[in-house]
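# Reading the structure
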Amino acid sequence: MPVLMNALDEVADLHPFIGVVVMAFKTVYTLELKRRDNESKVIALYVEMKDMMTALLQLKDVRDREVVGPSYQKVEDRMKTLIERTAEDIKHCSNTCDTYAKKRLLAKVFQGPFWDQKLLSFVELFTKRRAEFEFALSVHTSLGVEQANAKLDIVDVTTKALNDKMDNMLVVFQQMVNPEQKRLGELVRAKGGVRAIKESDILLAELDLAAHKISEHGAHDEDRHQHQTPVTPAAFDALKMDVFEAPDAAVEKNMVVFSRKFEVQKRQIIDELTLVVKREGDRVIEKVTSGPHERIVDQSIHEIWKEMGWRGNVKALHFVLALRDYYIDKLRSEAGSVRGVSTVVASRDPDAWAIAFIDVLNLQPILEAFDDDASGFITITEMNRFTSSRPLDWSLPHWVSFWAIGWKTSVIWYARRLENLFAKIDGITGQVLTPNREFVAYYQNMTWRGLHPLTAAVKGQEYAPSWDKFSSYVEAEEKRLENNLKAVDYVIDASDTLTLITGEGRLEKTIFPLLFLLVKHHFDIMRVACEKVVSERELLDGVSSIQCVMGAVVSRVQHLESIFLQQRLEPEKHFKTFAIGIYRYSYRKSNNLWTLDYMQSLETPVVPYDAAQEDENLDPQDVLKYKFQDELTLDDWVYDASLGAEQRDQNDTEGSALLFNRLLGQWHGYYYTENGEPESVGWDTMMSIVIERATDDNITKTRNFLRALAARMASGSGYRPRYTRISSGSRIHR
């Protein structure tokens, strides 16, 4: 494909009017490369798209774009409208593929035939576009009208060939149905077919649960995290919408999100083409004649590589030790021999402070920084990527020292800020308007438990020194991520969107600031929810975005596990040190973080919401994507009841009343099995309760509920004991 891209660029230089379609093709192809799945039907469409684009290479034979053809038109005048229409076709095709790829397994089974027709329509479209390209070019370049008329006969032949091709592609699409879809399709038929399931929410819920079990063996981890079993009515409505939504409606709805991704990717491609950066110390590479070291950009690395006689790659450990020796020798030669004073202290080199951190104690993080794929070897490509990614005003020792000690400090900093954000979310829960509370509780249930293993992994670790030397880069990276998140409206709907936001490279480089920015944005939504009735989709989208990121974490951990096993390392042991141990609790075979002892010792502080302490310039229009209500409707405000300190009778100081007051408010807890293990399977592994002062009406409702519960327990109908632990030291326990 790079060969075709380069050839198309050459043609676009000759004929700039085709630039719009070349850019569209580059953009959608780059987006597809970032997707982690390999949907066969989507790949087939991109093959057809590529074949269509190859027809434009014939324009290389038209050297003079001002020449008028036999039809008395320049080639641009004849083809420009067709080119612009094709660029839109490519974008619409990519949006359709994006929509289809994000659909859950159950949706692909229910709507399979309709999706096949939708996707196949682009095979027909691209085949016709290729024929139209060739016809237009042949009319322009032919010597007379007779040749053009001959082409019309070819078009008739092409129509018959197209019909045969479409029939063949339909057969191929049917053969591309994966085993998971076939198994689920059999279950759908066994339960009465699509019509019966549409009429029964119970059957739909059973099938969705079955789809998750089937997906555990065949689907990608991103999909499993992104399409969790629904636990609220709103989430169940979203499931029904996803499963039964017609392809045309789904594609139209997805275009808003996809257009953002498309524009961000196009901007990044343009920036790469137009931004030429020359860093201090970079070499100008003209010809590679004397050895592989000539391909290295950085001057210092070039000298080391050449002196050591390395070829295309080198063991990561050997390189880091050689790098350390190179800089120490450089300082020693500059400082001279000063007895009783270390080389670093004696040197006047402005980078001496940074070189001091390039030592054996920081060997592991430096290795990981250079060795992007954790293979144990560093290639010249990896080396150039690393040195070229440093800030413009930073030297290479400064950059290396950041990964030696600065990155660790940034991770600890973001981990603490993340936990503080969740403490603030706990504090704001009782302040949001009643119709918004269900979705805030859903957000808490679906996010914190997934994120906490990451933050818990660095708990107790201390900041490294010289933070002031690195804070400018950390702040710039956060700003870059924030701008990219704003460009996609804080919606991470698939792995390609995630890569678009973070950039290429190891996930651990950006996972903490990314999660912090996401949760911070969701907290701002909750702040608005204290005064406005917001759409449930605001936080449902937020949950989906975080689940997409956590799916990438699972994939990263599994990929690292396979690499560690290939290197004959013990994964469980190695995860405790790799990337300062951030994945130690995310590794599926490690000791489970959620033991009863851990839960009992876990203290989760609550930060009461104080609007005065937050940004006062919070505009709902800047935070929310969907429509909202300024005031409560009758159904909402009649049932609204404030939670918190105002409910407590602070003047009642007697012991029993004081104890009672301490019980008031909102409590969270997990369900536990009879063996004392936290439950991790099912829709309701966590519970939240609100304890309020009772009224006569509430007492009557409670009596009726307890009587019904007692009758249910006595009959044994569907009841099984559940054990719930609610924190004793803190009012709130997530």
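Residues numbered from 1 in each chain as written. Predicted model: local features only at pLDDT ≥ 70, side-chain atom pairs only at ≥ 80, totals over all residues. Heavy atoms only, no water.

With their axes 11 Å apart at the nearest point, helix α20 (residues 396-428) and helix α21 (residues 434-456) run at an angle of 155° to one another. One finds that α20 runs roughly antiparallel with respect to α21. Crossing angle aside, the handedness with which α20 passes α21 is left-handed. Together, A415, L418, E419, F422, I425 and D426 of α20 and Y443, Q444, T447, W448, L451, H452 and T455 of α21 make up the contact between the two elements. Considering only residue class, the contact of α20 with α21 consists of seven nonpolar, four polar and two charged. (Axes fitted to C-alpha atoms, helices over the stretch in contact; angles between N-to-C directions. Helix = DSSP H or I, 4+ residues; strand = E, 2+ residues; numbered from the N terminus. Parallel < 35°, antiparallel > 145°, perpendicular 65-115°, else oblique. Left-handed = near helix turned anticlockwise from the far one by under 90°. Contact = heavy atoms within 4.5 Å. Nonpolar A, V, L, I, M, F, W, Y, C, P; charged D, E, K, R; others polar.)

This brings us to the pattern of salt bridges. The full count for this structure, using the stated rule, is 37 salt bridges. E206 is the salt-bridge partner of K191, the closest N and O atoms lying 3.3 Å from each other. Within this pair, whereas K191 is found in the loop between α8 (179-190) and α9 (193-198), its partner E206 is found in helix α10 (residues 201-218), the two being separated by 15 residues in sequence. Look at E206 and you get partly exposed, because its relative accessible area is 38%. The partner of K240 in a salt bridge is D201, with the nearest N and O atoms 3.3 Å apart. In this pair, K240 is assigned in helix α12 (residues 233-244) and D201 in helix α10, connecting sequence segments 39 residues apart. A single network of salt bridges, built from pairs that share partners, joins K103, R104, D208, D242, E245 and K253. (Salt bridge = Lys/Arg side-chain N within 4 Å of Asp/Glu carboxyl O. Buried < 20%, exposed > 50% of the residue type's maximum accessible area, 1.4 Å probe, protein only.)

Further remarks concern the packing of helix α24 (residues 511-529) against helix α25 (residues 537-566). Running from N to C, α24 and α25 point in directions that differ by 170°, and their axes come no closer than 10 Å. It follows from the interaxial angle that α24 and α25 lie roughly antiparallel. Contacts from I511, L514, L515, L518, V519, H522, I525 and M526 of α24 reach α25 at E538, L539, G542, I546, V549, M550 and V553. Looking at side-chain class alone, the contact of α24 with α25 contains 12 nonpolar, two polar and one charged residues.

Our focus in this paragraph is the confidence of the model for the protein. Per-chain confidence: the protein averages 79 in pLDDT, with 76% of residues scoring 70 or above. Taking the mean pLDDT of every element in the protein, the minimum, 39, falls on strand β5 (residues 723-726) and the maximum, 96, on α24. Predicted confidence for residues 218-224 stays below pLDDT 50, and this span has 17 contacts to residues more than four positions away or in other chains. Across residues 637-655, confidence stays below pLDDT 50; counting only partners more than four residues off in sequence or on other chains, it has 28 contacts. (pLDDT = per-residue confidence, 0-100.)

Ranked by size, the top nonpolar core spans 164 residues in total, and within it L59, M79, I90, F319 and Y583 carry the most contacts. Per element, the largest residue contribution to this core is 16 residues, and it comes from α20. Contact partners of Y583, with chain neighbours within four places excluded, come to L454, L507, E508, V553, R556, V557, L560, F575 and F578. (Core = buried A, V, L, I, M, F, W, Y, C linked by side-chain atoms within 4.5 Å.)

Attention shifts here to the packing of aromatic side chains. Evaluated as defined, the whole model comprises 34 aromatic pairs. The interplanar angle of 70° and the centroid separation of 6.5 Å between the aromatic rings of W353 and F357 together place this pair among those described as edge-to-face. For W353, a relative accessible area of 22% gives the class partly exposed. Overall, the relative accessible area of 17% leaves F357 in the buried class. (Phe/Tyr/Trp six-rings, centres within 6.5 Å; stacked < 30°, edge-to-face > 60°.)

Once rolled over the atoms, a probe with the size of a water molecule shows which space is left empty. According to the stated counting rule, one finds three cavities of 30 Å³ or more in the structure shown. Computed from the structure, the second largest cavity encloses a volume of approximately 40 Å³. Around the second largest cavity, the lining residues are L31, E32, R35, Y46, S94, C97, D98, F258, K261 and D496. Sorting the residues of the lining of the second largest cavity by element identifies α2 (19-33), α4 (75-102) and α13 (247-274) as the ones contributing at least two each. Sorting elements by how many residues they give to the lining of the second largest cavity places α4 first, with three residues. (1 Å grid on protein atoms, 1.4 Å probe; cavity = no way out; pocket = protein on both sides within 12 Å on 5 of 7 lines; lining within 4 Å. Points joined across faces, edges and corners; volume = space filled by probe spheres on them.)

Moving on, we get to the environment of T99. As for its position among the elements, T99 is in helix α4. If near-sequence neighbours (up to four positions away) are discounted, T99 is found in contact with W115, A250, V251 and N254. Among the polar contacts listed, one links the side chain of T99 to the side chain of N254, at a separation of 3.0 Å. (Polar contact = N/O pair within 3.5 Å; in protein donor to acceptor, adjacent residues only side chain to side chain.)

This part covers the environment of Q181. Mapped onto the elements of the fold, Q181 is located in helix α8. Taking the relative accessible area as the measure of exposure, Q181 reaches 8% and is therefore buried. Considering only alpha carbons, one finds Q181 and A107, 74 residues apart in sequence, at a separation of 9.8 Å.

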